[in-house]
2 protein chains.
Amino acid sequence: MPITLKEIAEKLNISVTTASKALKDYADVSPKTKAKVKALAKELNYQPNAFAVHLRTKESKTIGVIIPEVVHHFFSNVIRGIISEAEKKGYLVIILQSNESYDMEKKQLELLMKQQVDGVLISLANGTNNFDHIKKAIQQNKPVVMFDKIAKVVNCSKIIINDIDAAYNATKHLIDIGCKKIAHFRGPLLPQNSIDRFIGYKRALEDHDMKYDPSLVYLCECGDNSFEEGKINAQQLHQDFNDVDGIFINTDLVAIGAITAFQELGVNIPNDIAIVGFSNWFMSTVITPSISTIDQPGYAMGQTSFNQLYKEIKAQKYGDYVEPETITLKTELLKRGSTQKTICN
Amino acid sequence: MPITLKEIAEKLNISVTTASKALKDYADVSPKTKAKVKALAKELNYQPNAFAVHLRTKESKTIGVIIPEVVHHFFSNVIRGIISEAEKKGYLVIILQSNESYDMEKKQLELLMKQQVDGVLISLANGTNNFDHIKKAIQQNKPVVMFDKIAKVVNCSKIIINDIDAAYNATKHLIDIGCKKIAHFRGPLLPQNSIDRFIGYKRALEDHDMKYDPSLVYLCECGDNSFEEGKINAQQLHQDFNDVDGIFINTDLVAIGAITAFQELGVNIPNDIAIVGFSNWFMSTVITPSISTIDQPGYAMGQTSFNQLYKEIKAQKYGDYVEPETITLKTELLKRGSTQKTICN
DNA sequence: TTTGAAAACGAAAACGATTTCGATTTAACC
DNA sequence: GGTTAAATCGAAATCGTTTTCGTTTTCAAA
């Protein structure tokens, strides 16, 4: 049904070769024939068969993205950033969701390799502690860029924020407003982000002569950063201590859960306990009190990730090697209601 | 670099033909050769060249999805539903975002056609009032399924909810709890959803002997269903009337904006004004008061949409025609804080 | 031993575009 | 007119797989 080069060539009594070259402005086609071919191509609305082009050129103008969770304010912003940049360069974006599962992530990466995308962007699942699947992809010369949830041991470009610094600033903010006993909801054990945010929290305490107390750090049993986790941890903390006056929480969603629980328990936020979250979800601006948080630039991260990947795709196409880069994006502390105490202490 | 059939064939001193057939369990290959080929293929980790397969089979095992906005609770749920079903059938999903713009939507559909995806799922942009691009795709025998934001005049399968009924129920709920003067924030003029929700609102009023008053319907100038829109409309309504005691609002996000504005104005929700939203965003459960709303099954809509598209892709592959279907998914009214009045009137 | 059918294999033509390289035509100059 | 260089063109190989259809081999029945 669709028009092929062959048909165009036949109608004009020229060879397929010439038709092809005419459309691509080769020097060895006369202006006259070029004009004729182009005119007819336009008239018939000729579209080169993508599959044939891919087979010859060995590229598909498509990249794959693997993320833990699509329905997620931060990640959907990243996706938007990726798509917007990719579109500018004529690339399409395949999205896969690992559901924070290592097995799925592995399977999906293999699927992308099989479908021969030109490159892969990946943000690791919480469950991933083996990186052979990624190393294997890199070994097969497939450009791979990791973003946000990365593995330090894998030798590829990485687009991240400085979680340690950001957590440090968040915690310092609590100290600055006068909190004396600061807890931390740190989320799951594994991903580097959790670890780094924990480190930043601890370092801020130590730098300000507040001793670090492991019993003030609440883990997440469920494995995900959920609203429920915030509620449960808040209730637990309420039982354990009555003198905690500040919490640095891993994620805004968890913070919202915590605030909800505290409100039910009659704890006033921020006067009894001040809270700083992380990520700047939209929700944090509209809840009462609004949540002080770290703005995590998802959209920019998506853009930067694609552009880095694009650079590497181009490089490897022309056979040059580019040294993997680690790009750190800026975050910002947003001071809002959950840390604006109205009574002096 | 990657292994090809030819290499396998050479190593085993058989023809490419036999190797290919062995891997696909053709009857005219002896069990012995089959075993040998399969073993070697596994050993060398042979992956068929996807581009070559696509060229031969004329299918790419890839579908395209065009949605107005990725960062959106409902749509990201739809995406998740699509991806999860697609994966089961071995399909990859390309996501494109129209930003509610007709021009982008058109360009993107053309891009997908050029890249020869096997089918397209699309939810229309608010700005789209010309459907030739979609009709053209259908004419070229590309399976297309529309979901949520559809155009009635296009002859293809559609996966929707019954916006009229849902809006009717939402409005009726306000009537049931005793509201006497019910306003409506209807969002942008154009998309069918807005129209239908408005119709449901109006019908509910008329069925319950409450006269419909156009001045109680607030449009959206900005063109999108935003938090800001909710605030502005709420402020305007507060100026215009002091006896409105219920509002049916097009979208939860707008409802949240409205609630925020009302709280700043000292209007009590739900006692002064009861509010019903639409879509059941996660946010609606955690805000105070929690918002009564219509649960819109995004995940199921994604699944259903893909499965319908899959059916049509299969059908057209084998040359049969399937009559376009319109599937209506169930919605549910969720009664929450924003309609639970604590004082009698 | 011949015959015939069934089993096993492979040559070759697709799929549609790209690109190399050789062939032909045209134009230009002496 | 003859020679040469430049301008145009096209045959054919290639990308890797699939599939048709004809060929060879095998083996049991006659």
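Residues numbered from 1 in each chain as written. Chains lettered and ligands numbered in written order. Predicted model: local features only at pLDDT ≥ 70, side-chain atom pairs only at ≥ 80, totals over all residues. Heavy atoms only, no water.

**Q** Where do I start with the packing of helix 6 (residues 102-114) of chain A against helix 7 (residues 132-139) of chain A in this structure?
**A** Packed helix pairs are specified by the crossing angle of their axes together with the interaxial distance, meaning the distance between the axes. Residues and elements named next belong to chain A. Running from N to C, helix 6 and helix 7 cross one another at 15 degrees; their axes reach a closest spacing of 10 Å. The angle between helix 6 and helix 7 places the two elements in the roughly parallel class. Here helix 6 runs over helix 7; the crossing is left-handed. Contacts between helix 6 and helix 7 involve Tyr102, Glu105, Lys106, Leu109 and Met113 from the first element and His133, Ile134 and Ala137 from the second. Looking at the contact of helix 6 with helix 7 residue by residue, the classes come out as 5 nonpolar, 1 polar and 2 charged. (Axes fitted to C-alpha atoms, helices over the stretch in contact; angles between N-to-C directions. Helix = DSSP H or I, 4+ residues; strand = E, 2+ residues; numbered from the N terminus. Parallel < 35°, antiparallel > 145°, perpendicular 65-115°, else oblique. Left-handed = near helix turned anticlockwise from the far one by under 90°. Contact = heavy atoms within 4.5 Å. Nonpolar A, V, L, I, M, F, W, Y, C, P; charged D, E, K, R; others polar.)

**Q** Where do I start with the pattern of salt bridges in this structure?
**A** Side chains bearing opposite charge may pair, as long as their charged atoms lie close to each other. Under the criterion given, the structure shown has 23 salt bridges over all chains. Taking the shortest distance from any N to any O, the salt bridge between Asp28 of chain B and Lys21 of chain B comes out at 3.1 Å. Measuring nitrogen to oxygen at the nearest pair gives 3.2 Å for the salt bridge that ties Lys317 of chain B to Glu59 of chain B. A residue pair is termed long-range when its members are at least 10 positions apart, and Lys317 of chain B in helix 13 (residues 298-317) and Glu59 of chain B in the loop between helix 4 (50-57) and strand 1 (62-67) qualify at 258 residues. Each of Asp25, Lys34 and Lys38 of chain A takes part in one network of salt bridges that share partners. (Salt bridge = Lys/Arg side-chain N within 4 Å of Asp/Glu carboxyl O.)

**Q** Even after reading the chapter, I still don't get the protein's contact with DNA strand D, so can you show me in this structure?
**A** Looking at DNA strand D, there are 27 residues lining it, with Lys21 and Arg56 of chain A together with Leu5, Tyr46 and Arg56 of chain B nearest. Within 4 Å of the protein, the contacting atoms of DNA strand D are drawn from sugar and phosphate to the extent of 57%. The separation between a phosphate oxygen of DNA strand D and a polar main-chain atom of Asn49 of chain B is 3.3 Å. For the surface near DNA strand D, the elements supplying multiple residues, two or more each, are helix 2 (16-23) and helix 4 (50-57) of chain A together with helix 2 (16-23) and helix 4 of chain B. (Near = heavy atom within 4 Å. Polar contact = N/O pair within 3.5 Å; in protein donor to acceptor, adjacent residues only side chain to side chain.)

**Q** Mind showing me how you'd approach the relation of the copies chain A and chain B here?
**A** The operation relating the pair of chain copies consists of a rotation about an axis and a translation along that axis. With an axial shift of 0.0 Å and an RMSD of 0.1 Å, the rotation relating chain A to chain B amounts to 180 degrees. In symmetry terms, the pair is related by a two-fold rotation axis. Closest to the rotation axis within chain A is the C-alpha of Ile94 of chain A, separated from it by 2.2 Å. (Least-squares fit on C-alpha atoms with pLDDT ≥ 70 in both.)

**Q** Any chance you could explain the domain arrangement of chain A here in plain terms?
**A** Reports often express the size of an interface as the amount of accessible area lost when the parts come together. Residue and element names in this part refer to chain A. According to the domain assignment, chain A consists of domain 1 (5-48), domain 2 (61-161 + 298-330) and domain 3 (163-296 + 333-339). Taking only C-alpha atoms, the centre of domain 2 and the centre of domain 3 are 29 Å apart. With 13 residues of domain 2 at the interface, the matching set in domain 3 holds 13 residues. In total, about 1200 Å² of surface goes out of reach between domain 2 and domain 3, with carbon and sulfur atoms giving 54% of it. Linking domain 2 to domain 3 there are 0 salt bridges. For the pair domain 2 and domain 3, the number of links is 4 residue pairs in polar contact (both at pLDDT 80 or more). When the residues that make up the side of domain 2 that touches domain 3 are grouped by side-chain class, the tally is 3 nonpolar, 7 polar and 3 charged. (Domains from an automatic or database assignment. Buried area = accessible area lost by both parts, 1.4 Å probe.)

**Q** Would you take a moment to explain the protein's contact with DNA strand C for this structure?
**A** Near DNA strand C you find 27 residues, and of these Leu5 and Arg56 of chain A together with Thr18, Lys21 and Arg56 of chain B are the closest. The sugar-phosphate share of atoms of DNA strand C within 4 Å of the protein amounts to 58%. Contact between DNA strand C and Asp28 of chain B: a base nitrogen at 2.9 Å from a side-chain N or O atom of the residue. Among the secondary structure elements, those contributing two or more residues to the surface near DNA strand C are helix 2 and helix 4 of chain A together with helix 2 and helix 4 of chain B. Ranked by the residues each element gives to the surface near DNA strand C, the list is headed by helix 2 of chain A, at 4 residues. Here the surface near DNA strand C is composed, by residue class, of 10 nonpolar, 10 polar and 7 charged.

**Q** It is not clear to me how the environment of Leu237 of chain A should be interpreted in this structure. Could you clarify?
**A** Residue and element names in this part refer to chain A. Tracing the backbone shows Leu237 in helix 10 (residues 227-240). We classify Leu237 as buried; its relative accessible area is 2%. With 21 residues separating them in the primary sequence, Leu237 and Leu216 have C-alpha atoms 8.2 Å apart. (Buried < 20%, exposed > 50% of the residue type's maximum accessible area, 1.4 Å probe, protein only.)

**Q** I'm lost on the interface of chain A and chain B in this one. Help?
**A** Facing the 50 residues of chain A at the interface are 49 residues of chain B. A per-residue breakdown of the area chain A buries against chain B is headed by Phe51, Leu92 and Gln115 of chain A, which together make up 18% of the total. Taken together, chain A and chain B are joined by 0 salt bridges. Ranked by residue count, the leading element in the side of chain A that touches chain B is helix 5 (residues 73-88) of chain A, at 7 residues. Taken together, the residues of the side of chain A that touches chain B break down into 25 nonpolar, 17 polar and 8 charged.

**Q** Looking at this structure, how should I read the side chain of Arg197 of chain A?
**A** Position of Arg197 of chain A among the secondary structure elements: in helix 9 (residues 192-207). Using a relative accessible area of 5% as the deciding quantity, one classes Arg197 of chain A as buried.

**Q** Which parts of the structure should I look at to understand helix 3 (residues 31-44) of chain A?
**A** Residue pairs three or four apart in sequence face the same way in an α-helix, which turns once every 3.6 residues. Residue and element names in this part refer to chain A. Its 14 residues place the ends of helix 3 20 Å apart at the C-alpha level, agreeing with the 20 Å of an ideal helix rising 1.5 Å per residue. Burial in helix 3 covers these residues: Thr33, Lys34, Val37, Leu40 and Ala41. Looking straight down helix 3, one finds that the buried residues subtend no more than 140 degrees of arc, so they occupy a single side. The exposed set on the far side of helix 3, more than 90 degrees from its buried face, consists of Pro31, Lys32, Lys42 and Glu43. Where the residues of helix 3 are buried, they touch helix 1 (5-12) and helix 2. (Expected span 1.5 Å × (residues − 1). Arc of directions from axis to C-beta.)

**Q** Can you walk me through the sheet that holds strand 6 (residues 182-187) of chain A in this structure?
**A** Working definition: the strands of a sheet are paired by backbone hydrogen bonds and lie parallel or antiparallel to each other. Residue and element names in this part refer to chain A. Read from one edge of the open sheet, 4 strands run 7-6-8-9, paired in parallel fashion. Across the chains shown, the open sheet's two edge strands, defined by having one partner strand only, are strand 7 (217-219) and strand 9 (274-276). Averaged over all adjacent pairs, the angle separating strand axes in this sheet is 20 degrees, with direction ignored. Of the pairings in the sheet, the one linking strand 6 to strand 7 comprises 3 bridges and is parallel in character. Pairing of Gly187 across the sheet is with Leu219, part of strand 7. Those strands touched by helix 8 (residues 163-176) are strand 6, strand 8 (246-249) and strand 9, and its axis lies near 165 degrees from that of strand 8. (Pairing = 2+ DSSP bridges.)

**Q** Teacher, can you tell me more about the packing of aromatic side chains here?
**A** Each aromatic ring pair is described using two quantities: the centre-to-centre distance and the angle formed by the ring planes. Applying the stated rule across the entire model yields 18 aromatic pairs over all chains. Both rings, one in Tyr91 of chain B and one in Tyr310 of chain B, keep their centres 5.9 Å apart while their planes meet at 90 degrees; by these two values the pair is edge-to-face. Taken together, the residues span a long stretch of sequence, with Tyr91 of chain B in the loop between helix 5 (73-88) and strand 2 (92-97) and Tyr310 of chain B in helix 13 at a distance of 219 residues. Of the residues examined, Tyr91 of chain B reaches a relative accessible area of 1% and is grouped as buried. Among the aromatic residues, those joined into a ring-pair cluster are Tyr91, Phe306 and Tyr310 of chain A. Over the aromatic face of Tyr310 of chain B sits the side chain of Lys89 of chain B, whose NZ or CZ is 4.8 Å from the ring centroid. The ring of Phe278 of chain B carries Arg197 of chain B above its face, with NZ or CZ at 3.7 Å from the centroid. (Phe/Tyr/Trp six-rings, centres within 6.5 Å; stacked < 30°, edge-to-face > 60°. Lys NZ or Arg CZ within 6 Å of the ring centre and 35° of its normal.)

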